[in-house]
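Now for the letters of each chain:
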Amino acid sequence: MIAGVIGAGAVAGCLGSLLGLGGGVFLVPFLNAGLGLDFRVAAATGLMTVIATSSVVSAGRAGRNLINLRLGMLLEVATTVGGLIAAFTVAYLSNHTLALIFAFVTVAIAILMLTRLDRRNVLDASLVPGPLGGRFHDEDTGREVVYQVKRLPLGMTASFLAGYVSGTLGIGGGILKVPVLNAWCGVPMRAAAATSALMIGVTAAASAPQYFARGEVNPPVAAAAVIGVLMGSQLGFHVGSRAPVKWLKMLMAAVLLAVSAFYFVKALA
Amino acid sequence: MTARADEEAIERLEIQVGRLLKAGVWLASACLAGGLVLWTITGGPAATTLLTGGLIVLMLTPLARVVASFVAYVKLGDWFFAGLTMVVFAVLVAAWLLKS
């Protein structure tokens, strides 16, 4: 069982770092449907791995100006409130409702994964980014990227929903807010992803203690999952440039659609 | 404070936050790995303590980051963001203290 959880965590962490997801979206259904753990125990395990990956990824990216600390802190107000509310309400949701929410969210993630928008949002380098905007050096183009943040209420709303989904399902929820920040709020993809990766840890930390207090954290399972995900994400990081990410994305979108179908059937049964 | 000095201070904060997060995860995973080994060999209360301790350290790491950011914004005299950081801190503390 423990070896299985470490292995599943490693696979989820590796896929997560290759695809820019937390990996929780693969791990939670495996623990719940595959190993037969209660959905809330699976979600609590997912939250622990989210905190670990968030911290490791953010530590690795620090100092390159990709992480927008101010924007992150502002949006974290919304994500942590969403996460905290979720941690309370999840106790009152039936397993059918949880399965239904999970089914809808996995469909949404599969679709987002296949149609990820990447508008450029690159402004003149002489522009003043304002208190929430940012400036970083893009390694791909070798240019200085400057951006301003627009439509903040929309970004806050998306962050609140991502926080609620994260706290309910035990996934990071980054993929739910990154496209919004990128497509509508003017944040370049790399900055949006780096800032989101930092935010998901704090968001999970707003819901994990409630699961912990209710005894829904299974310490050996959570420990095995965290260790597995950390090992897997390191592996993913090393093979990253050589992996056929496009095909992997299509394959994983197919896996997510299958997971979604499974949970739809489970919810309706 | 000039905009340039402000940007440099934020960059320093980013690096410090990175170090703090790394330290937290290392400490937590050391406890979790040790606890897991103990748990598979003997089980017992020592294993449970290590596992639980590791998970608590893990859950507190983001909280430590929020506190570090608060101190940095106060030093910068950036009261708006210091206040926002306090709001996030309050939510995280509520997550530990409220009963569901």
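Residues numbered from 1 in each chain as written. Chains lettered and ligands numbered in written order. Predicted model: local features only at pLDDT ≥ 70, side-chain atom pairs only at ≥ 80, totals over all residues.

Colleague: Just checking my understanding: could you explain the overall build of chain B for this structure?
Modeller: Summing up its helical and strand segments, chain B has 3 helices and 0 strands in all. Secondary structure elements of chain B occur, N-terminal to C-terminal, as α-α-α. For chain B, the C-alpha radius of gyration of 18 Å lies well beyond 13 Å, the compact-globule estimate for 100 residues. Taken over the C-alpha atoms alone, chain B extends approximately 60 × 30 × 15 Å along its principal axes. The 100 residues of chain B split such that 37% are buried. Of the contacts formed within chain B by residues at least 6 apart in sequence, a portion of 48% connects residues at least 24 apart. (Helix = DSSP H or I, 4+ residues; strand = E, 2+ residues; numbered from the N terminus. Rg over C-alpha atoms; globule rule 2.2 N^0.38 Å. Buried ≥ 20, exposed ≤ 12 C-beta atoms within 10 Å, placed from the backbone. Contact = placed C-beta atoms within 7 Å.)

Colleague: Got a minute to help me understand unusual backbone geometry in this structure?
Modeller: Backbone phi values are negative for most residues with the exception of glycine, while trans is the configuration of most peptide bonds. All names here are of chain A. Of note, the phi angle at Arg151 is positive, near 45 degrees, even though the residue is not glycine. Tracing the chain through its elements places Arg151 in the loop between strand S2 (144–147) and helix H6 (152–169). By C-beta crowding, Arg151 is classed as partly exposed, having 14 other C-beta atoms within 10 Å.

Colleague: Can you walk me through the nonpolar core in this structure?
Modeller: Most often, soluble globular proteins have nonpolar side chains that are buried together. Core analysis: the largest hydrophobic core is formed by 125 residues, its most contacted members being Met48, Ile51, Ala208 and Val226 of chain A. Every residue in contact with Ala208 of chain A, bar those within four places of it in the chain, is listed here: Ala44, Leu47, Met48 and Ile51 of chain A together with Met59 of chain B. (Core = buried A, V, L, I, M, F, W, Y, C linked by C-beta atoms within 7 Å.)

Colleague: Whenever I open this one, the environment of Leu37 of chain A confuses me. Can you help?
Modeller: All names here are of chain A. Topologically, Leu37 is positioned in the loop between helix H2 (24–34) and helix H3 (39–61). The exposure class assigned to Leu37 is buried, which follows from the 21 C-beta atoms found within 10 Å. Counting along the chain gives 41 residues from Leu37 to Ala78, while the straight-line C-alpha distance between them is 30 Å.

Colleague: Just checking my understanding: could you explain helix H2 (residues 44–76) of chain B for this structure?
Modeller: Residue and element names in this part refer to chain B. Look at H2: 49 Å from first C-alpha to last across 33 residues, which is about the 48 Å you get at 1.5 Å a residue. The sharpest bend along H2 comes to roughly 30 degrees, located at Thr61, with the proline Pro62 sitting one to four residues further on. Among the residues trailing H2, Gly77 stands out with phi positive, at a value near 75 degrees. (Expected span 1.5 Å × (residues − 1). Bend = angle between axes of the 7 residues up to and from the residue.)

Colleague: When you look at the interface of chain A and chain B in this model, what are you seeing that I'm missing?
Modeller: The accessible area lost on association of the parts is a frequent measure of interface size. Taken together, the contact pairs 42 residues of chain A with 41 residues of chain B. Breaking the side of chain A that touches chain B down by element, the ones donating at least two residues are H3, helix H4 (69–89), helix H8 (189–213) and helix H9 (219–239) of chain A. Counted by class, the side of chain A that touches chain B contains 31 nonpolar, 8 polar and 3 charged residues. (Nonpolar A, V, L, I, M, F, W, Y, C, P; charged D, E, K, R; others polar.)

Colleague: Can you help me understand the packing of H4 of chain A against H8 of chain A in this one?
Modeller: For any two helices packed against each other, the geometry is given by the interaxial angle and the distance between the axes. Residue and element names in this part refer to chain A. Where H4 meets H8, the closest approach of the two axes is 8 Å, and the angle between their N-to-C directions is 30 degrees. In terms of orientation, H4 and H8 fall into the roughly parallel class. Regarding H4 and H8, the two cross each other, and that crossing is right-handed. Counting all contacts with H4, which are made through Leu71, Gly72, Leu75, Glu76, Thr79, Thr80, Gly83, Leu84, Ala86, Ala87 and Phe88, the residues of H8 involved are Thr195, Leu198, Met199, Val202, Thr203, Ala204, Ala206, Ser207, Gln210 and Tyr211. For the contact of H4 with H8, the per-class residue count stands at 12 nonpolar, 8 polar and 1 charged. (Axes fitted to C-alpha atoms, helices over the stretch in contact; angles between N-to-C directions. Parallel < 35°, antiparallel > 145°, perpendicular 65-115°, else oblique. Left-handed = near helix turned anticlockwise from the far one by under 90°.)

Colleague: How do you make sense of the confidence of the model for chain A when you look at a structure like this?
Modeller: Reading fine detail from the predicted coordinates is not recommended where pLDDT is low. When pLDDT is averaged along chain A, the result is 86; 92% of the residues meet or exceed 70. The secondary structure element of chain A with the lowest average pLDDT is strand S1 (residues 134–137) of chain A, at 83, and the one with the highest is H4 of chain A, at 95. (pLDDT = per-residue confidence, 0-100.)

Colleague: Sorry if this is basic, but what is going on with H6 of chain A here?
Modeller: Along an α-helix, a turn takes 3.6 residues, which lines up residues three or four apart on a common side. All names here are of chain A. The end-to-end C-alpha separation of H6 is 25 Å, in line with the 26 Å expected for 18 residues at 1.5 Å each. Those residues of H6 that fall on the buried side of the exposure criterion are Gly155, Ala158, Ser159, Phe160, Ala162, Gly163, Tyr164, Val165, Ser166, Gly167, Thr168 and Leu169. Check the buried side of H6 and you find it contacts H2, H3, H4, helix H5 (95–114), helix H7 (174–183) and H8. Of the residues flanking the end of H6, it is Gly170, one or two places downstream, whose phi is positive at about 80 degrees.

Colleague: How should I be thinking about the environment of Gly173 of chain A in this particular structure?
Modeller: Residues and elements named next belong to chain A. For Gly173, the location among the structural elements is in the loop between H6 and H7. Residue classification places Gly173 among the buried residues on the basis of 34 C-beta atoms within 10 Å. Setting aside residues no more than four positions away along its own chain, Gly173 makes contact with Ala162, Gly163, Val165, Ser166, Ile200 and Thr203.

Colleague: Looking at this model, I keep getting lost on the packing of H9 of chain A against H2 of chain B. Mind explaining?
Modeller: Running from amino to carboxyl end, H9 of chain A crosses H2 of chain B at an angle of 55 degrees, the nearest separation of the two axes being 9 Å. When the axis of H9 of chain A is compared with that of H2 of chain B, the two are oblique. Handedness of the crossing formed by H9 of chain A with H2 of chain B: left-handed. Only Thr48, Leu51, Thr52, Gly54, Leu55 and Leu58 of chain B of H2 of chain B make contact with H9 of chain A, whose side of the interface consists of Pro219, Pro220, Ala222, Ala223 and Val226 of chain A. Along the lines of polarity and charge, the residues of the contact of H9 of chain A with H2 of chain B split into 8 nonpolar, 3 polar and no charged.

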